[in-house]
Amino acid sequence: MSELGVPLALPVPFLFVSAIGNGWLITRDSNGVALGAGAYLVYSFGSRKLFLGDHRRGMRHLQQRKFEEAIPDFEAGYSFFTRHSWLDRYRAITVLSPSAMSYREMALLNIAFAYGQLGEGAKSKEYYLRAKEEFPENGLAGAALKMIEAFEHPKND
């Protein structure tokens, strides 16, 4: 659910249908359907390219196992969405993302993961703690911190 009580996935199909409907209203024929669908696609790809560039680049670096290169991308994304928090808050409309997790939250988790993959446990823990502090309900950060704690202080059987 969004802060407005609307399911996050609801705006995506609604915007698609609205774009097609508006295209039809403008032209009053089947060309309007194509016009509306085209406008939706331009908006969809354009908004993601414009607002999610750092995040998408970081994800590509993670997929390529270039963890050191991913960190500055996610830091830039975190900073961008901190400055423009409304884009993240209304991400279901602004970037057509139904994700329940904010891009700031994802950035912190991805930075922590990248540091972990680089063998920098202290930095990884620092970012998981930061994610848990900023987003107390985040289960991934909590689980990662429990796992780190288990490795730092193993129980004697």
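In case you missed it, the structure is sitting above this.
What counts and what doesn't
- Residues numbered from 1 in each chain as written.
- Predicted model: local features only at pLDDT ≥ 70, side-chain atom pairs only at ≥ 80, totals over all residues.
- Heavy atoms only, no water.
- Helix = DSSP H or I, 4+ residues; strand = E, 2+ residues; numbered from the N terminus.
- Buried < 20%, exposed > 50% of the residue type's maximum accessible area, 1.4 Å probe, protein only.
- Contact = heavy atoms within 4.5 Å.
- Areas by Shrake-Rupley, 256 points an atom, 1.4 Å probe, with all protein chains shown as cover.
- Salt bridge = Lys/Arg side-chain N within 4 Å of Asp/Glu carboxyl O.
- Axes fitted to C-alpha atoms, helices over the stretch in contact; angles between N-to-C directions.
- Parallel < 35°, antiparallel > 145°, perpendicular 65-115°, else oblique.
- Left-handed = near helix turned anticlockwise from the far one by under 90°.
- Patch = residues over 30% accessible without salt bridge, like charges linked within 9 Å, V, L, I, M, F, W, Y side chains within 5 Å.
- Nonpolar A, V, L, I, M, F, W, Y, C, P; charged D, E, K, R; others polar.
- Phe/Tyr/Trp six-rings, centres within 6.5 Å; stacked < 30°, edge-to-face > 60°.

So, about the overall build of the chain. A count of helices and strands for the chain gives nine helices and zero strands. For the chain, the succession of helices and strands along the chain, N to C, is α-α-α-α-α-α-α-α-α. A buried classification covers 36% of the 157 residues belonging to the chain. Of all intrachain contacts in the chain linking residues separated by at least 6 positions in sequence, the fraction that spans at least 24 positions is 50%. As displayed, the chain has an accessible area near 9700 Å², and 61% of this comes from carbon and sulfur atoms.

On to the pattern of salt bridges, then. Pairs may arise between side chains of opposite charge once their charged atoms sit close together. Under the counting rule described, the total for this entry stands at seven salt bridges. Glu152 is the partner of Lys125 in a salt bridge, and the nearest nitrogen-oxygen pair spans 2.9 Å. Pair noted here: Lys125 is in helix α8 (residues 121-134) and Glu152 is in helix α9 (residues 139-152), with a separation of 27 residues, a long-range link.

Another aspect to go through is unusual backbone geometry. Positioned with a positive phi, Arg65 is a non-glycine residue whose angle comes to about 60°. Within the secondary structure layout, Arg65 lies in the loop between α3 (53-63) and α4 (67-83). Accessibility expressed as a relative area gives 58% for Arg65, which makes it exposed.

We now examine the packing of α8 against α9. Contact pair α8 / α9: the axes reach a minimum separation of 9 Å and the direction vectors enclose 140°. By the angle between their directions, the pair α8 and α9 is classed as oblique. The chirality of how α8 crosses α9 is left-handed. In contact with Ser124, Lys125, Tyr128, Leu129, Ala131 and Lys132 of α8, α9 contributes Ala141, Gly142, Ala144, Leu145, Ile148, Glu149 and Glu152.

On to a nonpolar patch on the surface. A contiguous nonpolar patch, built from Trp86, Tyr90 and Ile93 and spanning about 310 Å² of accessible area, is present on the exposed surface. In this structure, Tyr90 sits in the loop between α5 (85-89) and α6 (91-94).

At a minimum axis distance of 9 Å, the contact between α4 and helix α7 (residues 103-117) shows a crossing angle of 160°. As summarised for this structure, α4 and α7 are arranged roughly antiparallel, according to the angle between their axes. Seen along the crossing, α4 lies across α7 with a hand that is left-handed. Taking contact as the criterion, the partners of Phe67, Ile71, Phe74, Glu75, Tyr78, Phe81 and Thr82 in α4 are, on α7, Tyr103, Arg104, Ala107, Leu108, Asn110, Ile111, Phe113, Ala114, Tyr115 and Gln117. Looking at side-chain class alone, the contact of α4 with α7 contains 12 nonpolar, three polar and two charged residues.

Quick look at the packing of aromatic side chains now. Considering all chains together, one arrives at four aromatic pairs under this definition. Residues Phe81 and Tyr103 carry aromatic rings whose centres are separated by 5.3 Å and whose planes lie at 20° to one another, so their mutual orientation is stacked. In this pair, Phe81 is assigned in helix α4 and Tyr103 in helix α7, connecting sequence segments 22 residues apart. Ring geometry for Tyr115 and Tyr127: centres 5.7 Å apart, planes at 25°, overall stacked. Here the residue Tyr115 occupies a position in helix α7, and Tyr127 occupies one in helix α8, the gap between them amounting to 12 residues.

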